[in-house]
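A look at the structure
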Amino acid sequence: MAERQIVVVGCGRLGGLLANKLSSAGNSVVVVDRKEIAFDKLSPNFSGYRVLGDAVEFHVMQTARADRADYLFATTMEDNTNLMVAQVAKYVFNVKHVIARVYDPARESLYDGFGIATINPTLLSADKFLSMVK
Ligand code: AMP
């Protein structure tokens, strides 16, 4: 399988985990975070690139080579940031596969309207809790 170029925005609990797993699976990964300390979550085997900066700023995403990405995952804790970053990735950098973390179930239709795929941790957790009720 050809190597995929993947930009992960946010190197927090979710983004860091994704970046480590995607890198060890042989993908070319660029991870972006505005806090240097966040990169401590990357494993010693992480073979991708770290970009320090606010992902909402255009030049930061240029540095992350979003123009070359096959996938972009917007995983910060801020729904608004994720939506903004995802839109720029999709419509400015023409990233084919853009997936955003969105906590607020009420906002999901907004993302749908922009053609952005979403992962909703709130709904996923609710489903999991409910599935455990016997
Ligand atoms: P978590 O909620 O633990 O998955 O962490 C989210 C990560 O996103 C943190 O490491 C934040 O520093 C990072 N983050 C939040 N907003 C931005 C932003 N605008 N640009 C880059 N990284 C961000």
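Anyway, here's the lowdown on the structure attached to this text. All of these numbers come straight from a predicted model, not from anything done at the bench. Every chain begins its residue count from 1, and numbering advances along the sequence as written. Reporting of local features is limited, given that this is a predicted model, to residues whose pLDDT is at least 70; pairs of side-chain atoms are given and counted only at 80 or more, and all residues count toward the totals for whole chains, interfaces and linings. The side-chain figures draw on all heavy atoms in the structure; neither hydrogens nor water molecules are used.

1. Quick word on the layout of surface pockets
- Cavity means a closed set of points on a 1 Å grid over the protein atoms alone, one where a 1.4 Å probe fits but cannot get out, pocket means an open set with protein on both sides within 12 Å along at least 5 of 7 lines, and lining means a residue has an atom within 4 Å of a point. Grid points are joined across faces, edges and corners, and a volume is the space filled by probe spheres set on the points. By volume, the largest pocket is sized at about 410 Å³.
- Every residue lining the largest pocket is counted, 22 residues in all, and those nearest its centre are Gly10, Asp33, Arg34, Thr76 and Met77.
- Of the residues contributing to the lining of the largest pocket, the split by class is 8 nonpolar, 6 polar and 8 charged.
- Lining the second largest pocket, in full, are Leu14, Leu18, Phe73, Ala74, Thr75, Ile99, Ala100, Arg101, Ile119 and Pro121.
- If you list the elements that add at least two residues to the lining of the second largest pocket, you get helix H1 (13-24), strand S4 (71-74) and strand S5 (97-101).
- With 3 residues, the top contributor of residues to the lining of the second largest pocket is S5.
- Its residues placed into classes, the lining of the second largest pocket shows 8 nonpolar, 1 polar and 1 charged. Put simply, Ala, Val, Leu, Ile, Met, Phe, Trp, Tyr, Cys and Pro go in the nonpolar bin, Asp, Glu, Lys and Arg in the charged bin, and everything else, Gly too, in the polar bin. A run of H or I in DSSP becomes a helix once it reaches four residues, and a run of E becomes a strand once it reaches two; helices and strands are each numbered from the N terminus.

2. Thoughts on the sheet that holds S4
- The 6 strands lie next to each other as S3-S2-S1-S4-S5-S6, forming an open sheet whose pairing is parallel. On the outer flanks of this sheet lie strand S3 (49-52) and strand S6 (117-119), each paired with one strand and no other. Strand-to-strand twist across the sheet, computed as the mean angle between neighbouring axes with direction ignored, equals 20°.
- Where S5 lies against S6, 3 bridges are found, and the strand directions are parallel. Residue pairing across strands places Ala100 opposite Thr118, the latter belonging to S6. Two strands are counted as paired when DSSP detects at least two bridges linking them. Comment: axis = line fitted to C-alpha atoms, over the contacting stretch for helices; angle = value between 0 and 180 degrees taken between N-to-C directions.

3. Quick notes on the pairing of S5
- Pairing between S4 and S5: 4 bridges, direction parallel. Each bridged residue has a counterpart across the sheet, and for Phe73 the counterpart in S5 is Ile99.
- Here the term right-handed applies to a crossover when the path leading from its first strand over the helix to its second strand runs clockwise, the strands being oriented away from the viewer. Remark: the S4/helix H3 (residues 79-91)/S5 crossover connection has right-handed handedness.
- Tracing the backbone out of S5, into helix H4 (residues 108-113) and back to the parallel element S6 gives a crossover that is right-handed.

4. Overview of the site of the ligand
- Whether a residue is near a molecule or strand depends on its heavy atoms: it is near if one of them lies within 4 Å of it. Surveying the vicinity of the ligand reveals 15 residues, the closest of which are Arg13, Asp33, Asp54, Ala55 and Arg101.
- Throughout this description, a polar contact denotes any pair of N or O atoms lying within 3.5 Å of each other; where both atoms belong to protein, one of them has to be capable of donating a hydrogen while the other can accept it, and for residues adjacent in sequence the pair is counted only when both atoms sit in side chains. Between Arg13 and the ligand, the recorded distance is 2.7 Å, taken from a side-chain N or O atom to an oxygen atom.
- Protein burial of the ligand: of its 510 Å² of free accessible surface, 93% is covered by the chains.
- Here the shell around the ligand is composed, by residue class, of 5 nonpolar, 5 polar and 5 charged. Under the convention used here, a 1.4 Å probe and the Shrake-Rupley method define accessible areas, while residue burial counts only the protein chains that appear.

5. Some points on a positive patch on the surface
- Each patch is built from salt-bridge-free residues with over 30% relative accessible area, joining like charges within 9 Å and nonpolar side chains (Val, Leu, Ile, Met, Phe, Trp, Tyr) within 5 Å. Criterion for a salt bridge: a side-chain nitrogen of Lys or Arg within 4 Å of a carboxyl oxygen of Asp or Glu. Residues scored as charged are limited to Lys and Arg (positive) and Asp and Glu (negative), so that His and the chain ends carry no count. Charge positions come from single atoms, namely NZ of Lys, CZ of Arg, CG of Asp or CD of Glu. On the surface, Arg13, Arg34, Lys35 and Lys41 cluster together to form a positively charged patch.
- Tracing the chain through its elements places Arg13 in helix H1.

6. Remarks on the nonpolar core
- Side-chain atoms within 4.5 Å link the members of a nonpolar core, which is a set of buried Ala, Val, Leu, Ile, Met, Phe, Trp, Tyr and Cys residues. Here the term buried applies to any residue with accessible area under 20% of the maximum for its type, exposed to any over 50%, and partly exposed to those in between, with areas from a 1.4 Å probe on protein chains only. Formed by 24 residues in total, the largest nonpolar core has its most connected members in Val7, Met61 and Leu72.
- Those elements giving two or more residues to this core turn out to be strand S1 (5-9), strand S2 (28-33), helix H2 (58-63), S4, H3 and S5.
- Sort the elements by how many residues they give to this core and H3 lands first, with 4 residues.
- We call two residues contacting when some pair of their heavy atoms lies within 4.5 Å. Residues in contact with Val7, not counting those within four places in the same chain, are Val30, Val32, Met61, Ala64, Ala66, Ala69, Tyr71, Leu72 and Phe73.
- In terms of nonpolar packing, the next biggest core, distinct from the first, is built from 12 residues, Ile6, Ala38, Phe39 and Phe73 among them.

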